[in-house]
Amino acid sequence: MQKKAVVLLSGGLDSAVALYIAKKNGYDCKCLIFDYGQKHKKEIGQAKKIAQAAGSEFRVVKLSFPWKGSSLIDDEAKIPLGRTISEIKKGDIPSTYVPGRNTIFLSMASSFAEAIGAESIFIGAHYEDSSGYPDCRKEYLEAFGKVIALGTKAGTRGHLKLEFPLIKKTKAQIIKTGVSLGVPFALTWSCYLGGAKPCAKCDSCILRANGFNQAQVIDPLIGYQPTPKAMVTEIFSSMQGEGIFAGSRQIFIRFKRCNMECGFCDTPNRPSGKEYSPAQLVREVMTIDKKSGPHHSISLTGGEPLIYAEFLRKLLPSLKEIGFKTYLETNGTLPDKLRQVIDFVDIVAMDFKLPSSTKDRSYWDEHLEFLKIASAKKVFVKAVVTPETKTADIERVVESIKKVNARIPLIIQPATPVKKVDKAVPEDRLREFSDLALKRGVADSRVIPQIHKILGIK
């Protein structure tokens, strides 16, 4: 007679892989699917389809958690959205944890297994979930295995055991295992929300997408997602030459392209560039840091880095995961782009582009909105001034800073003479601009020239 196993099947990819592992090991699998008051029933429907595709019987067990205690079952509680991989792994137990869920599920599975004469119970828990859910840890599952061995008739006779074959695997390894076993990933559902397609914002979607990306496998639920690329003109180690972090050692990633053309720009429209994927840039950064480190942070400069906001959404979390702080040097004119990446940035070095200095249109509204978003992180404002800079422009900068936070530093930076700026800003004008800011209520205003130009370094 074929040996039997009970498989906890949720509709997600982990439990689906656990089911197919049990099948490969020769078990006649009986699946338990729990309806415990989730905000949506989509995963239950998908679990039924997975069981049917595997040729396995299933039972849907309806439970109730009347005391709630989880954002998965409480309509009043919000499911976390938009967290990075690093935040998910390093954060506290998330609100999506359902108190005692696996203890209850495994208890019922033990009873069911004894009733039908099953030899094993399979659960798809794995270690990447253990940073958030205490009942997905190896220690917990080993302890529950002892409960089965001591608390069930079959267990005391050595006829029933708990198996958790994925516990040491990463999500990418689980996906690769599933591919080798022919798991129908198109039938799985990981999203905590029950829409027509995955939300791509909840923790479960983020972990799933990261797993497929690392496994280099296309997720059939969302199809092929091309890896974003960016044009980079230079990557090098040097000292920061501007602003309040002048002198700090950084790795500079200089992006090609800008949405502006300032007359004083010292890197205008660089002709050459190389296309990078996020993974390629991370490898380059690690090589430079090993050779020339340690570094204070990674400077994203340009050009205008925010032109590549989608690319940065992939790059920045990866840099943070390997321990780097990120320092965004930006012209401060693209608030919608900043909003997409601000969660992943540590420091914002923001320009206020003064129309009397740039000879371009004004960006006062964009700058104000940008500064409001940037103020969630460490931020300072830089105003490049030329001999033509008007006092009225400095006054507008000061008022914008005060509307957000008067403690945000304002750096008055004289434009280094280049082709289109052939004379220096008089010292008394620099002092006038800085004094104006201090007298008008900005707590920290300094004149700092381009140090790297004075030192003759990149």
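All of the points below concern the structure found in this document. All residue numbers here refer to positions counted from 1 along the written sequence of the relevant chain. Predicted model: local features are reported for residues with pLDDT of at least 70 only, side-chain atom pairs are reported and counted for 80 or more only, and whole-chain, interface and lining totals are derived from all residues. With hydrogens and water excluded, all non-hydrogen atoms of the structure serve as input to the side-chain values.

Details of the overall build of the protein
Quick note on the threshold: Numbering of helices and strands starts at the N terminus; helices are DSSP runs of H or I of at least 4 residues and strands are runs of E of at least 2. Every radius of gyration here is taken over C-alpha atoms, with the globule rule written as 2.2 Å times N^0.38, N being the number of residues. Think of it in three bands: residues with accessible area under 20% of the maximum for their type are buried, residues over 50% are exposed, and the middle band is partly exposed, with areas taken using a 1.4 Å probe on protein chains only. The contact definition used throughout considers only heavy atoms, calling two residues in contact when any of these lie within 4.5 Å. Only the protein chains shown count as cover for residues, with accessible areas throughout obtained via the Shrake-Rupley method and a probe of 1.4 Å. Charge counting treats Lys and Arg as positive and Asp and Glu as negative, with His and both chain ends excluded. To locate a charge, take atom NZ for lysine, CZ for arginine, CG for aspartate or CD for glutamate.
The helix and strand tally for the protein stands at 16 helices and 14 strands. Scaling as 2.2 N^0.38, a compact globule of 458 residues should have a C-alpha radius of gyration of about 23 Å, whereas the protein reaches 28 Å, well beyond that. Viewed in the frame of its principal axes, the protein has a C-alpha envelope of about 95 × 45 × 35 Å. The proportion of buried residues among the 458 residues of the protein is 50%. Excluding contacts between residues fewer than 6 apart, the proportion of contacts in the protein whose partners are at least 24 apart in sequence is 75%. When the accessible surface of the protein is summed, it comes to about 21,300 Å², and 50% of that surface belongs to carbon and sulfur atoms. Computed over 69 positive and 49 negative side-chain charges, the separation of the two mean positions in the protein equals 4 Å.

As for the sheet that holds strand E8 (residues 274-276)
To keep things clear, this is the line we draw: Being paired, for any two strands, means DSSP has found at least two bridges between them. Axis lines are fitted through C-alpha atoms, for helices just across the contact stretch, and the angle between N-to-C directions can take any value from 0 to 180 degrees.
The sheet built from nine strands is open, its strands ordered E8-E6-E7-E9-E10-E11-E12-E13-E14 with mixed pairing. Here the strands that pair on one side only, and so sit at the sheet edges, are E8 and strand E14 (445-447). Each strand axis lies, on average, 30° off the axis of its neighbour in the sheet, ignoring direction. The pairing of strand E13 (residues 410-414) with E14 spans three bridges and is classified as parallel. The residue of E14 that forms the bridge with isoleucine 412 is valine 447.

A look at unusual backbone geometry
With an omega dihedral of 0°, the bond running from glycine 293 to proline 294 counts as a cis peptide bond. Here proline 294 is to be found in the loop between helix H9 (278-292) and strand E9 (297-301). A cis amide bond, omega 15°, links glycine 302 with the succeeding residue glycine 303. Along the chain, glycine 303 falls in the loop between E9 and helix H10 (309-321). Non-glycine residue glutamine 216 carries a positive phi angle of around 55°. Position of glutamine 216 relative to the elements: it lies in the loop between helix H8 (203-215) and strand E6 (230-239).

Description of helix H4 (residues 101-116)
Filter applied, for reference: Expected span of a helix: the number of residues minus one, times 1.5 Å.
When the terminal C-alpha atoms of H4 are compared, their 23 Å separation across 16 residues agrees well with the 22 Å that a helix rising 1.5 Å per residue should span. Of all the residues in H4, the buried ones are Arg101, Asn102, Phe105, Leu106, Ala109, Ser110, Phe112 and Ala113. Those residues of H4 hidden inside the fold are in contact with strand E1 (4-8), strand E2 (28-35), strand E3 (57-62), strand E4 (120-122), helix H5 (138-151) and strand E5 (161-163). Positive phi appears at glycine 117, one or two residues downstream of H4, with a value of about 75°.

Quick word on H8
Its 13 residues give H8 an end-to-end C-alpha distance of 18 Å, which sits within 8% of 18 Å, the value for a rise of 1.5 Å per residue. Three or more residues of H8 are buried, namely Asp203, Ser204, Cys205, Ile206, Leu207, Arg208, Gly211, Phe212 and Ala215. For H8, the elements touching its buried residues are helix H1 (13-24), helix H3 (85-90) and helix H7 (171-181). Glutamine 216 lies just past H8 and shows a positive phi near 55°.

Some points on the side chain of arginine 254
Using the following cut-off: Definition of a polar contact: a pair of N or O atoms within 3.5 Å, with one able to donate and the other able to accept a hydrogen when the atoms are protein atoms, and with sequence-neighbouring residues admitted only if both atoms are side-chain atoms.
With respect to the helices and strands, arginine 254 occurs in strand E7 (residues 249-255). Within polar-contact distance, the side chain of arginine 254 engages the backbone oxygen of glycine 302 at 3.2 Å.

Topic: the pattern of salt bridges
Any two side chains of opposite charge can pair, on the condition that their charged atoms come close. Going by this rule: Any carboxyl oxygen of Asp or Glu that lies within 4 Å of a side-chain nitrogen of Lys or Arg is treated as forming a salt bridge with it.
The full count for this structure, using the stated rule, is 21 salt bridges. The partner of lysine 138 in a salt bridge is glutamate 142, and the shortest N-O contact between them spans 2.5 Å. Pair noted here: lysine 138 and glutamate 142 are both in helix H5, with a separation of four residues, about one helical turn. The exposure class assigned to lysine 138 is partly exposed, which follows from its relative accessible area of 34%. Close ionic contact of lysine 382 with glutamate 242 constitutes a salt bridge, the shortest N to O distance being 2.5 Å. Here lysine 382, found in strand E12 (residues 378-385), pairs with glutamate 242, found in the loop between E6 and E7; they are 140 residues apart in sequence, far enough to count as distant.

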